[in-house]
Amino acid sequence: MTDDATTTAGATGTLGYEQARDELIEVVRRLEAGGTTLEESLALWERGEELAKVCRHWLEGARARLDAALAGPADSQESGTTAADNG
């Protein structure tokens, strides 16, 4: 388990949101099910923290894109109105 967690930890940065989310769900499921050693539980917890960071990064990026898209047309309309008023 630890070797797998170490190997996949290096690939965390390349995970898409859905992949990270699905793996995080599996990590949580395994932790809730119990039956793992303390070392395995710690490795799962650490992996879960990494996956949560990846998900947070993707969600923050999506929020920034939405904010920019919502702000973009309003800025264009204000600029257009100002240009028309001046013209």
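Please refer to the structure higher up on the page.
Residues numbered from 1 in each chain as written. Predicted model: local features only at pLDDT ≥ 70, side-chain atom pairs only at ≥ 80, totals over all residues. Heavy atoms only, no water.

1. What about the overall build of the protein?
- When helices and strands are counted, the protein shows three helices and zero strands.
- Written out in order from the N terminus, the α and β elements of the protein read α-α-α.
- Residues classed as buried in the protein amount to 15% of the 87 residues present.
- Intrachain contacts of the protein at a sequence separation of at least 6 include 73% that bridge at least 24 residues. (Helix = DSSP H or I, 4+ residues; strand = E, 2+ residues; numbered from the N terminus. Buried < 20%, exposed > 50% of the residue type's maximum accessible area, 1.4 Å probe, protein only. Contact = heavy atoms within 4.5 Å.)

2. Considering helix α2 (residues 17-33)
- Here α2 contains 17 residues, and its C-alpha end-to-end distance of 24 Å stays within 8% of the 24 Å for a straight helix at 1.5 Å per residue.
- Positive phi shows up at G34, right after α2, with a value of about 75 degrees. (Expected span 1.5 Å × (residues − 1).)

3. Thoughts on the nonpolar core
- The biggest cluster of nonpolar side chains holds seven residues, and these are L15, A20, V27, L44, L51, V54 and C55.
- Listed by contribution, the elements that provide at least two residues to this core are α2 and α3 (38-86).
- By residue number, the principal contributor to this core is α3, which donates four residues.
- For L15, the residues in contact, after removing those within four places along its chain, are A20, E23, R47, L51, V54 and W58. (Core = buried A, V, L, I, M, F, W, Y, C linked by side-chain atoms within 4.5 Å.)

4. Some words on the pattern of salt bridges
- Here the structure, examined in full by the defined rule, presents five salt bridges.
- Here D22 makes a salt bridge to R21, at a shortest N to O gap of 3.0 Å.
- Take R21: its relative accessible area is 31%, and that puts it in the partly exposed class.
- Each of E23, R47 and E50 takes part in a single network of salt bridges with overlapping partners. (Salt bridge = Lys/Arg side-chain N within 4 Å of Asp/Glu carboxyl O.)

5. Concerning the environment of L42
- Its place among the elements puts L42 in helix α3.
- By relative accessible area, L42 is classed as partly exposed at 42%.
- Along the backbone, L42 and L31 are 11 residues apart, and their C-alpha atoms lie at a distance of 9.5 Å.

6. Notes on the side chain of R47
- Its place among the elements puts R47 in helix α3.
- A polar atom in the side chain of R47 sits 2.8 Å from the side chain of E23. (Polar contact = N/O pair within 3.5 Å; in protein donor to acceptor, adjacent residues only side chain to side chain.)

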